[in-house]
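Next come the chains, spelled out residue by residue.
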Amino acid sequence: SGPATVSPTGSPTGADQARMAQSGAHLTNAQGTRLPDTDHSLKAGPRGPVLLQDHHLREKIMHFDHERIPERVVHARGAGAHGVFQSYGTAASVTKAGFLAPDVETPVFVRFSTVVGSRGSADTVRDTRGFATKFYTSEGVFDLVGNNIPVFFIQDAIKFPDVVHAAKPHPDREIPQAQSAHDTFWDFVSLHTEATHHTIFFMGDRGIPRSYRMMEGFGVHTFRLVNAEGRTTLVKFHWKPKLGVHSLVWDEAQLLNGNDPDFHRRDLADAIEAGAYPQWELGIQTFPDTPDQTFEGIDLLDPTNIVPEELAPVQPIGLMTLNRNPSNFFAETEQVAFHVGHLVPGIDVTDDPLLAGRLFSYLDTQITRLGGPNFPQLPINRPHAPVNDMLRDGMHQTAVHRGVAPYQPNSLDGGCPFTAGADMGAFVETPVTVPEGRKVREAPESFSDHFSQPRRFWLSMSPVEREHIIGAYVFELGKCYEEAIRVRTLQVLANIDPELCSRVADGLGLPAPEPTVPLADVEPSPALSQIGGTWPVD
Ligand code: HEM
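Per chain, residues are indexed from 1 in the order of the written sequence. Totals for whole chains, interfaces and linings use every residue, but because this is a predicted model, local features are given only for residues with pLDDT of at least 70 and side-chain atom pairs only at 80 or more, for both listing and counting.

*Asks:* Help me understand the overall build of the protein in this model?
*Replies:* Secondary structure elements follow DSSP: runs of H or I of four or more residues count as helices, runs of E of two or more count as strands, with numbering from the N terminus. What the protein contains, in helices and strands, is 13 helices and twelve strands. As a reference, a globule follows 2.2 Å times the number of residues to the power 0.38, and the radius of gyration itself is taken over C-alpha atoms. Relative to the compact-globule value of 24 Å for 538 residues, the protein shows a C-alpha radius of gyration of 26 Å, a close match. In terms of principal-axis extent, the alpha carbons of the protein reach across some 80 × 70 × 50 Å. Each residue is classified by how many other C-beta atoms fall within 10 Å of its C-beta atom, where C-beta atoms are placed from the backbone; a count of 20 or more means buried, 12 or fewer means exposed, and values in between mean partly exposed. Relative to its full complement of 538 residues, the protein shows a buried share of 38%. Residue pairs in contact within the protein that sit at least 24 positions apart in sequence constitute 74% of those at least 6 positions apart. A pair of residues counts as a contact when their C-beta atoms, built from backbone coordinates, are separated by no more than 7 Å.

Structure below.
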């Protein structure tokens, strides 16, 4: 096809390089005109009024006035790093994704984050952590936008505004600024019991990681891999840190929040600068792609579920090494735009209703956050594959498109023939059969058990981890103003385990209720414990 665009990945002109380098023999204005002085406004005499005609003052202050962009609506606080992903080739039989073929090296950018706090909040709060990875593959960008906890609070994206409104600071006083004890959060999770599994996870030690370098990462949803023959396999993605999983204890976390609110970002940057490059193995749990999309009775489309590693072992498929710090926080860590819809041939989504909403939400929010639709042209977001799209114009357009025919089909610019049925290395949606049924607003019956998996989590913990969980519930609930919320949460805990409930009730000085559902008969999963787990990886 003819060259339809000037690639936005083209190298900068000399003038651009000088501007980026912030160096040179002369200071200039934004138009490249040399400045004699940038310390004084133009005045009618040294003690006289400042003149409106001072165009340098106007430019300098105008630019400063617009330096801030909106922070992310969630995951506002984060730290990023560049690195490389080395594929083992062990996934080649289940996916045709080129970057997972044997011995392929792919550049990556990772952003770790807290979820609830604002950009200036502290690092070591009790919260879920984001773990988002951008793979710049030769077939286009693939983003794995995960968390350090393998389950989520909600089963349907339509509840996302509710859970985030409940977790964010109270609308009246804007307290607390980060995730920790408050009435709205506990009000929501005690009423909306599908949140129980995620809640007990982050009341555990994973809610206060020792370091980003020592966290697991999870894709959470079930994804669908497609191999060269078109055969599909359902998978869950796992990142396993070479350093093992480690956490702070609550007192350490509290002290660090005061002494060094930048503890996690400092730790990551210092380690990389010192050459102690953090590494994670990427692994997959694989499940047959059966029509009911369940495995051992577990609904794979319910993102509040895990599949225990003892039932489906995590199989390593590659190694990620983070080896370079960003040189500019704003340009890289702040402007990076992840999206679960950034997929490459061989990796597809499933009908998980939470994932469906995410497929809409990320691009939508980035239009506001990054000022229009052209954020894929920002250096950190540019694919490392040729771009030949028909997207044109818009706010912050920086490409100078050539040609006269930004439409398909066309005969003027050479066109791009689409040949039906040909394997063009394109991303093709898997032609899965969609179940027939009535159009309804309801969840399947298989989404209704909210307590068996939290019970499995509790039973999998070592004694010291159980003490931490009890202490966390007592601390957090002890800070709620409304007793009714504490009482309702104790009912949730009674449905997980009577000992957990009575110990928390004792700590709060309240009676322990009886369970309202039969206690599930589940086996523990030792891999969930940081002490009894499968560490280290080697
Ligand atoms: C941001 C993970 C569910 C909307 C993020 C980030 C991560 C993440 C890691 C930060 C990305 C970065 O570092 O820039 C997850 C996971 C989810 C989940 C693992 C569930 C399994 C949802 C849902 C929605 C949503 C259900 C909405 C329907 C957003 C938005 C942002 C965000 C709007 C901000 C993005 C930006 O400003 O660039 N999420 N999320 N997320 N997420 Fe999610």
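*Asks:* I keep staring at the environment of Phe295 and nothing clicks. Help me out?
*Replies:* Structurally, Phe295 is set in strand E9 (residues 294–295). Each C-alpha atom of the pair Phe295 and Gly130 lies 26 Å from the other, and the pair is 165 residues apart in sequence. Ignoring any residue separated from it by four or fewer positions in sequence, one finds Phe295 in contact with Phe287, Leu300, Val307 and Ala312.

*Asks:* I keep staring at helix H4 (residues 183–191) and nothing clicks. Help me out?
*Replies:* Because an α-helix packs 3.6 residues into every turn, residues spaced three or four apart end up facing the same way. Along H4, the positions that sit buried rather than exposed are Phe185, Trp186, Phe188, Val189 and Ser190. On its buried face, H4 is in contact with helix H3 (160–167), helix H5 (196–203), helix H11 (463–478) and helix H12 (483–496).

*Asks:* Just to check I follow, could you spell out the site of the ligand for this structure?
*Replies:* Around the ligand, 28 residues are found, and the nearest of them are Arg72, His75, Arg111, Gly130 and Ser361. Every element with two or more residues in the shell around the ligand is listed here: strand E2 (105–114), strand E3 (129–137), strand E4 (140–147) and helix H9 (353–369). With eight residues, the top contributor of residues to the shell around the ligand is H9. When residues are sorted by character, Ala, Val, Leu, Ile, Met, Phe, Trp, Tyr, Cys and Pro go into the nonpolar class, Asp, Glu, Lys and Arg into the charged class, and all the rest, Gly among them, into the polar class. Here the residues of the shell around the ligand are counted per class, giving 14 nonpolar, ten polar and four charged. Any residue whose C-beta atom, as set from the backbone, lies within 6 Å of a molecule or strand is reported as near that molecule or strand.

*Asks:* Just to check I follow, could you spell out the environment of Thr430 for this structure?
*Replies:* Mapped onto the elements of the fold, Thr430 is located in the loop between H9 and helix H10 (452–460). In this structure the C-alpha to C-alpha distance between Thr430 and Lys96, which are 334 residues apart in sequence, comes to 13 Å. The contacts of Thr430, once residues within four sequence positions are left out, are Arg224, Val226, Thr232 and Asp348.

*Asks:* Mind showing me how you'd approach the pairing of strand E11 (residues 315–324) here?
*Replies:* Regular strands show a simple pattern: their side chains alternate between the two faces of the sheet. Relative to E11, strand E1 (residues 78–87) is paired through six bridges, and the arrangement is antiparallel. Within the sheet, the bridge partner assigned to Phe85 lies in E11 and is Met320. If DSSP finds at least two bridges between two strands, the strands pair. Here six bridges tie strand E8 (residues 279–288) to E11, and the two strands are oriented antiparallel to one another. Counterpart to Leu282 in the pairing with E11 is Gly318.

*Asks:* Just checking my understanding: could you explain H10 for this structure?
*Replies:* Counting buried residues in H10 gives seven out of nine residues, a clear majority hidden from the surface. Buried residues of H10: Ser452, Gln453, Pro454, Arg455, Phe457, Trp458 and Ser460, and no others. On its buried face, H10 sits against H5, H12 and helix H13 (498–508).

*Asks:* Explain the nonpolar core here, please?
*Replies:* Note on soluble globular proteins: their nonpolar side chains tend to be buried together. Grouped together as the largest cluster of nonpolar side chains are 99 residues, with contacts concentrated most on Leu493 and Val504. Top contributing element to this core by residue count: H12, with six residues. Apart from the residues within four sequence positions on either side, Val504 is in contact with Ile470, Tyr473, Val474, Leu490 and Leu493. One nonpolar core equals one set of buried Ala, Val, Leu, Ile, Met, Phe, Trp, Tyr and Cys residues connected by C-beta atoms within 7 Å.

*Asks:* Even after reading the chapter, I still don't get the pairing of E1, so can you show me in this structure?
*Replies:* Counting buried residues along E1, seven of its ten residues qualify, which places the element largely inside the surrounding structure. Examined bridge by bridge, E1 and E2 share nine bridges and lie antiparallel to one another. Bridging from a neighbouring strand, Gly83 pairs with Val108 of E2.

*Asks:* For this particular structure, what's the right way to read the packing of H12 against H13?
*Replies:* For any two helices packed against each other, one specifies the crossing angle of their axes together with the interaxial distance. Where H12 meets H13, the closest approach of the two axes is 6 Å, and the angle between their N-to-C directions is 155°. One way to sum up the angle between H12 and H13 is to call them roughly antiparallel. On H13, the residues that touch Arg486, Leu490, Leu493, Ala494 and Ile496 of H12 are Pro498, Leu500, Cys501, Val504, Ala505 and Leu508. Split into classes, the residues belonging to the contact of H12 with H13 amount to ten nonpolar, no polar and one charged. Axes here refer to lines fitted to C-alpha atoms; in helices the fit is confined to the stretch in contact. Angles between the N-to-C directions go from 0 to 180 degrees. These descriptions rest on fixed angle ranges, namely under 35 degrees for roughly parallel, over 145 for roughly antiparallel, 65 to 115 for roughly perpendicular, and the rest for oblique.

*Asks:* Could you clarify how one ought to interpret the packing of H3 against H4 in this entry?
*Replies:* Closest axis-to-axis distance for the H3/H4 pair is 7 Å, and the angle between their directions is 145°. In contact with Asp162, Val163, Ala166 and Ala167 of H3, H4 contributes Thr184, Phe185, Asp187 and Phe188.

*Asks:* Please explain unusual backbone geometry as it appears in this structure.
*Replies:* Peptide bonds are, in most cases, trans, and in most cases residues other than glycine have a negative phi. Cis rather than trans, the peptide bond between Ile175 and Pro176 has omega equal to -10°. For Pro176, the position within the fold is in the loop between H3 and H4. That bond from Gln408 to Pro409 is cis: its omega, -5°, falls within 30 degrees of zero. Along the chain, Pro409 turns up in the loop between H9 and H10. The phi dihedral of His75 falls on the positive side, at around 60°, and the residue is not glycine. On the secondary structure map, His75 appears in the loop between helix H2 (55–65) and E1. His75 sits in the buried class, given 22 other C-beta atoms within 10 Å. Residue Glu174 is not a glycine yet carries a positive backbone phi of 55°. Residue placement: Glu174 occurs in the loop between H3 and H4.

*Asks:* In this structure, what is going on with the environment of Ser446? I would like to understand it.
*Replies:* Note that Ser446 resides in the loop between H9 and H10. Owing to 16 C-beta atoms within 10 Å, Ser446 belongs among the partly exposed residues under this scheme. In sequence terms Ser446 and Thr294 are 152 residues apart; their C-alpha atoms lie 9.7 Å from each other. Among residues more than four places away in sequence, those in contact with Ser446 are Asp299 and Asp302.

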